[in-house]
Amino acid sequence: MSAPTLYLVRHPPVAVPSGFCYGRSDVPLAAPVAPIAADLLTRLPPEFRVLSSPLSRCLQLAQALGDAQVDADLMEIDFGRWEMRHWDTIGREALDAWAAAPLDYREHGGESVRQMAARTQAALQRARAEATLPLVIVSHAGPLRAMTGLLRDLPATEWLQWPVAHAPALQEFPADIR
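A brief report on the enclosed structure follows. From a predicted model like this one, the values you see are computed outputs, not experimental measurements.

### Comments concerning the overall build of the protein chain
(1) Moving on: Across its full length, the protein chain carries seven helices and five strands.
(2) Moving on: Each helix and strand of the protein chain, ordered N terminal to C terminal, gives the series β-α-β-α-β-α-α-α-β-α-α-β.
(3) Moving on: For 178 residues, the compact-globule estimate of 2.2 N^0.38 gives 16 Å, and the C-alpha radius of gyration of the protein chain, at 16 Å, lies within 12% of that figure.
(4) Moving on: Overall, the C-alpha framework of the protein chain stretches about 50 × 35 × 20 Å when taken along its three principal axes.
(5) Moving on: Long-range pairs, those at least 24 residues apart, make up 70% of the contacts in the protein chain between residues at least 6 apart in sequence.
(6) Moving on: Accessible surface, the protein chain: about 8600 Å² in total, of which carbon and sulfur atoms supply 54%.

What follows is the structure, encoded as structure tokens:
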């Protein structure tokens, strides 16, 4: 038996100046979620389960959609010492080293893309195995890329840089997809 339809939603835009590195940091949203939630509710089925990252930029939207459950494995990547620093202050050498090995780099003291992908893909598989209703997952760009890569059976080199639009955009995956 296949899992119900899956909807992936990225949190709305955040109130962080352009050029800053934020992943695991809990940053505020730039605007209220009510209008975004109202828009999404017109495009979602009447009944669904909501699963969210615990970070407030996701959880606020998830709670506006319904009775949200939290899964810490849906959090964005942990950038360690890079969190809340402007990309220009991190240093060209460190950024070049990351670009040379984007899946496994973690010299910033946080986690690697491969580690983030493994935990978010595991969260997706758990949620889909338990789902009896359509499932809405509210998360972050990195985890949503990793989940989409898993669902489409693509290597990380293909999903790593995909753009992921903020809510109210959503991705829909039919019930018959892995």
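### Observations regarding the pairing of strand β1 (residues 6-10)
(1) Moving on: In terms of residue burial, β1 counts as a mostly covered element, since five of its five residues are buried.
(2) Moving on: Pairing between β1 and strand β4 (residues 135-139): five bridges, direction parallel. Each bridged residue has a counterpart across the sheet, and for arginine 10 the counterpart in β4 is serine 139.
(3) Moving on: Note that β1 and strand β5 (residues 171-173) share three bridges and pair antiparallel.

### With respect to the pairing of β4
(1) Moving on: Of all five residues in β4, five are buried, a share of seventy percent or more.
(2) Moving on: With burial as the criterion, each face of β4 is covered, one bearing Leu135, Ile137 and Ser139 and the other bearing Val136 and Val138.
(3) Moving on: Sheet topology note: the strand β2 (residues 49-52)/β4 ladder contains four bridges and is parallel. Residue pairing in the sheet places serine 52 in a bridge with valine 138 of β4.

### Points about the packing of aromatic side chains
(1) Moving on: Considering all chains together, one arrives at seven aromatic pairs under this definition.
(2) Moving on: Seen in terms of ring centroids, tryptophan 87 and tryptophan 98 are 5.7 Å apart; in terms of plane orientation they differ by 5 degrees. Their pairing is stacked. Placement of tryptophan 87 in helix α3 (residues 87-90) and of tryptophan 98 in helix α4 (residues 92-100) is noted, with a sequence separation of 11 residues between them.
(3) Moving on: The exposure class of tryptophan 87 is partly exposed, given its relative accessible area of 27%.
(4) Moving on: Through pairs of rings, three or more aromatic residues link up here, namely Phe79, Trp82, Trp87, Trp98 and Tyr105.

### Quick notes on the pattern of salt bridges
(1) Moving on: Enumeration over the complete set of coordinates arrives at eight salt bridges.
(2) Moving on: A salt bridge links arginine 24 to glutamate 111; the shortest N-O distance between them is 2.9 Å. Pair noted here: arginine 24 is in the loop between β1 and α1 (34-43) and glutamate 111 is in the loop between α4 and α5 (113-130), with a separation of 87 residues, a long-range link.
(3) Moving on: Taking the relative accessible area as the measure of exposure, arginine 24 reaches 26% and is therefore partly exposed.

### Regarding the nonpolar core
(1) Moving on: Counting 22 residues, the largest nonpolar core has Leu40, Leu61, Leu65, Val136 and Val138 as the members making the most contacts within it.
(2) Moving on: Elements with a minimum of two residues in this core: β1, α1, α2 (56-65) and β4.
(3) Moving on: Sorting elements by how many residues they give to this core places α2 first, with five residues.
(4) Moving on: Apart from the residues within four sequence positions on either side, leucine 61 is in contact with Val9, Arg10, Pro12, Val33, Ile36, Ala37, Leu40, Val138 and Ala167.

### A closer look at helix α6 (residues 141-151)
(1) Moving on: Most of α6 sits inside the fold, with 11 of its 11 residues counted as buried.
(2) Moving on: Looking only at α6, the buried set comprises Ala141, Gly142, Pro143, Leu144, Arg145, Ala146, Met147, Thr148, Gly149, Leu150 and Leu151.
(3) Moving on: Looking at the buried side of α6, the elements it contacts are β1, α5, β4, α7 (156-159) and β5.
(4) Moving on: Downstream of α6 by a residue or two, aspartate 153 has a phi angle that is positive, lying close to 55 degrees.

### Examining the side chain of serine 53
(1) Moving on: Within the secondary structure, serine 53 sits in the loop between β2 and α2.
(2) Moving on: Among the polar contacts listed, one links the side chain of serine 53 to the backbone nitrogen of leucine 55, at a separation of 3.2 Å.
(3) Moving on: Each residue touching serine 53, except ones within four places of it in the same chain, is listed here: Cys58, Leu59, Val70, Asp71, Leu74, Met75, Val138 and His140.

Thresholds, definitions, all that
- Residue numbers restart at each chain and count upward from 1, following the sequence in its written direction.
- Local features in this predicted model are restricted to residues of pLDDT 70 or higher, and side-chain atom pairs are both shown and tallied only at a pLDDT of 80 or more, whereas totals for entire chains, interfaces and linings draw on every residue.
- Based on all heavy atoms of the structure, the side-chain values leave hydrogens and waters out of the count.
- For helices the rule is a DSSP run of H or I covering at least 4 residues; for strands it is a run of E covering at least 2, with both sets numbered from the N terminus onward.
- Between the two quantities, the radius of gyration covers C-alpha atoms and the globule rule is 2.2 Å times the number of residues to the power 0.38.
- In what follows, a contact means two residues having at least one pair of non-hydrogen atoms within 4.5 Å.
- Accessible surface is estimated by sampling points in the Shrake-Rupley manner with a 1.4 Å probe; for residues, cover comes only from the protein chains shown.
- When accessible area is computed with a 1.4 Å probe and restricted to protein chains, residues below 20% of their type maximum are described as buried, those above 50% as exposed, and intermediate ones as partly exposed.
- Pairs of strands are assigned from DSSP output, requiring at least two bridges between the strands.
- Two rings from Phe, Tyr or Trp (for Trp, the six-membered ring) form a pair when their centres sit within 6.5 Å of each other. Planes less than 30 degrees apart are called stacked, planes more than 60 degrees apart edge-to-face, and all others tilted.
- The salt bridge definition used is simple: a Lys or Arg side-chain nitrogen within 4 Å of an Asp or Glu carboxyl oxygen.
- To form a nonpolar core, buried Ala, Val, Leu, Ile, Met, Phe, Trp, Tyr and Cys residues must be joined to one another through side-chain atoms within 4.5 Å.
- In the analysis that follows, any N or O atom pair within 3.5 Å is treated as a polar contact, provided that within protein one partner can donate a hydrogen and the other can accept it, and provided that, for residues neighboring in sequence, both atoms belong to side chains.

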